[in-house]
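Examination of the molecular architecture
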Amino acid sequence: MTPTRRAFIRDVGIAIAALAMARCVPFKEGVPGKSGGTPRDRLHECWTGFGWLAERTRDWDNDEAGEEALNQLIANHQAALAELVAQGELTQTVADEVQAAFDAAAYHVWRSNAPITCYEPMYPDYTPTGAAQLVAQAGALAEIAAQSDADPDTVARVQATIARDVAFLSLTYPEVQALYEGLHDAAAAGAPYPTFDELELPVTPDEAEAARFLVELLLSDD
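To keep things clear, this report deals only with the structure shown in the data block. What you see is a predicted model; the values in this text were computed from it and never measured.

1. Quick notes on the overall build of the protein
Along the protein, the regular secondary structure elements total nine helices and zero strands. In the protein, which comprises 222 residues, the share counted as buried stands at 45%. In the protein, the share of contacts with a sequence separation of at least 24, taken over all contacts with a separation of at least 6, comes to 75%. Summed over all atoms, the accessible surface of the protein reaches about 11200 Å², with 54% contributed by carbon and sulfur.

2. Description of helix H4 (residues 65-86)
Across its 22 residues, H4 extends 32 Å between first and last C-alpha, which sits within 8% of the 32 Å expected from 1.5 Å per residue. Those residues of H4 lying buried are Ala65, Gly66, Ala69, Leu70, Leu73, Ile74, Asn76, His77, Ala80, Leu81 and Leu84. All buried residues of H4 lie within an arc of 160° about the axis, which places them on one face of the element. On its buried side, H4 packs onto helix H2 (39-47), helix H3 (50-57), helix H5 (92-113) and helix H9 (205-219). Glycine 88 sits one or two positions beyond H4 and adopts a positive phi of about 80°.

3. Observations concerning the environment of glycine 49
With respect to the helices and strands, glycine 49 occurs in the loop between H2 and H3. A sequence separation of 18 residues divides glycine 49 from valine 31, and the C-alpha atoms of the two residues are 8.4 Å apart.

4. Some words on the pattern of salt bridges
One pass over the structure, following the stated rule, counts five salt bridges. With a shortest N-O distance of 2.7 Å, glutamate 209 and arginine 212 are connected by a salt bridge. With a gap of three residues between them, glutamate 209 and arginine 212 both fall in helix H9, about one helical turn apart. Between glutamate 216 and arginine 212 there is a salt bridge, and its shortest N-O distance comes to 3.1 Å. A residue pair is termed a helical-turn pair when its members lie 3 or 4 positions apart in one helix, as glutamate 216 and arginine 212 do in helix H9 at four residues. Several salt bridges converge on common partners, so that one network encompasses Arg40, Glu89, Glu209, Arg212 and Glu216.

5. Here we look at H9
Between its terminal C-alpha atoms H9 stretches 21 Å, which fits the 21 Å expected from 15 residues at 1.5 Å a residue. Taken as a whole, H9 has its buried residues at Glu207, Ala210, Ala211, Phe213, Leu214, Val215, Leu217 and Leu218.

6. Re the environment of histidine 108
Its location among the elements puts histidine 108 in helix H5. Judged by its relative accessible area of 10%, histidine 108 falls in the buried class. Along the primary structure histidine 108 and alanine 132 are separated by 24 residues, whereas in three dimensions their C-alpha atoms are 6.5 Å apart.

7. Some details on the packing of aromatic side chains
If you walk through the whole model with that rule in mind, you get four aromatic pairs. For the ring pair tryptophan 47 and phenylalanine 50, a centre distance of 6.0 Å and an interplane angle of 80° mean the geometry is edge-to-face. Relative accessible area serves as the criterion here: at 3%, tryptophan 47 is assigned to the buried category. On the numbers, 5.0 Å between centres and 75° between planes, the contact of tryptophan 47 with phenylalanine 102 is edge-to-face. A residue pair is termed long-range when its members are at least 10 positions apart, and tryptophan 47 in helix H2 and phenylalanine 102 in helix H5 qualify at 55 residues.

8. Section: a negative patch on the surface
Together, Asp61, Asp63, Glu64, Glu67 and Glu68 line one region of the surface with negative charge. Assignment of secondary structure puts glutamate 64 in the loop between H3 and H4. For glutamate 64, a relative accessible area of 53% gives the class exposed.

9. A closer look at the packing of H3 against H4
Contact geometry for H3 and H4: axes closest at 7 Å, N-to-C directions at 155°. The angle between H3 and H4 falls in the class roughly antiparallel. As for the relative orientation of H3 and H4, their crossing is right-handed in sense. Contacts between H3 and H4 pair Trp52, Leu53, Arg56 and Thr57 from the former with Ala65, Gly66, Ala69, Leu70 and Leu73 from the latter. Per-class residue counts for the contact of H3 with H4 are six nonpolar, two polar and one charged.

What counts and how
Residues numbered from 1 in each chain as written. Predicted model: local features only at pLDDT ≥ 70, side-chain atom pairs only at ≥ 80, totals over all residues. Heavy atoms only, no water. Helix = DSSP H or I, 4+ residues; strand = E, 2+ residues; numbered from the N terminus. Buried < 20%, exposed > 50% of the residue type's maximum accessible area, 1.4 Å probe, protein only. Contact = heavy atoms within 4.5 Å. Areas by Shrake-Rupley, 256 points an atom, 1.4 Å probe, with all protein chains shown as cover. Expected span 1.5 Å × (residues − 1). Arc of directions from axis to C-beta. Salt bridge = Lys/Arg side-chain N within 4 Å of Asp/Glu carboxyl O. Phe/Tyr/Trp six-rings, centres within 6.5 Å; stacked < 30°, edge-to-face > 60°. Patch = residues over 30% accessible without salt bridge, like charges linked within 9 Å, V, L, I, M, F, W, Y side chains within 5 Å. Lys, Arg positive; Asp, Glu negative; His and termini not counted. Charge placed at Lys NZ, Arg CZ, Asp CG, Glu CD. Axes fitted to C-alpha atoms, helices over the stretch in contact; angles between N-to-C directions. Parallel < 35°, antiparallel > 145°, perpendicular 65-115°, else oblique. Left-handed = near helix turned anticlockwise from the far one by under 90°. Nonpolar A, V, L, I, M, F, W, Y, C, P; charged D, E, K, R; others polar.

If you want it as structure tokens, here you go:
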């Protein structure tokens, strides 16, 4: 990871993660992405609705509110994606990558705010990091969209980061286990565990297209 990317993730991504969960871009009253507008409008509401999910999850007077909100947000996102596939705007394989990314990001927001045991997985577990970084990039793009001129280099870095996040979050369970087994074997031989950004993750064409789609979606100001 280059120093430029380190600075970007530190100064923009991590800071915007808190923004995405606590403030977010305003959305229409009610559940984000539930109804009204185009499928892209509803997807945009879902990706900028993590603050709503966090708030509902922190309603400790209602133990089921957070999980219900999580399931509703995921269902709304999936329904809007299905419409885009039916309209020929996305292939099903790319839509699957986008949905997998959203599922992971939404779960991360819910799990981070739920009044249950501490969200501290056994090391290494890169899923929380990848999901948190994806939430951060969603917030970063929402902020960029509010500016009159988006810096192309910043947008390119966000897109590259999202592509890697999607690549990891799209791994199957056996693929994740094989990755961890390899890291454990290397650690037993004295190699340090890599950070999430140091993982060598090949990005497939569908994952790259999913990242491009998300950048375009989140840069819109719908």
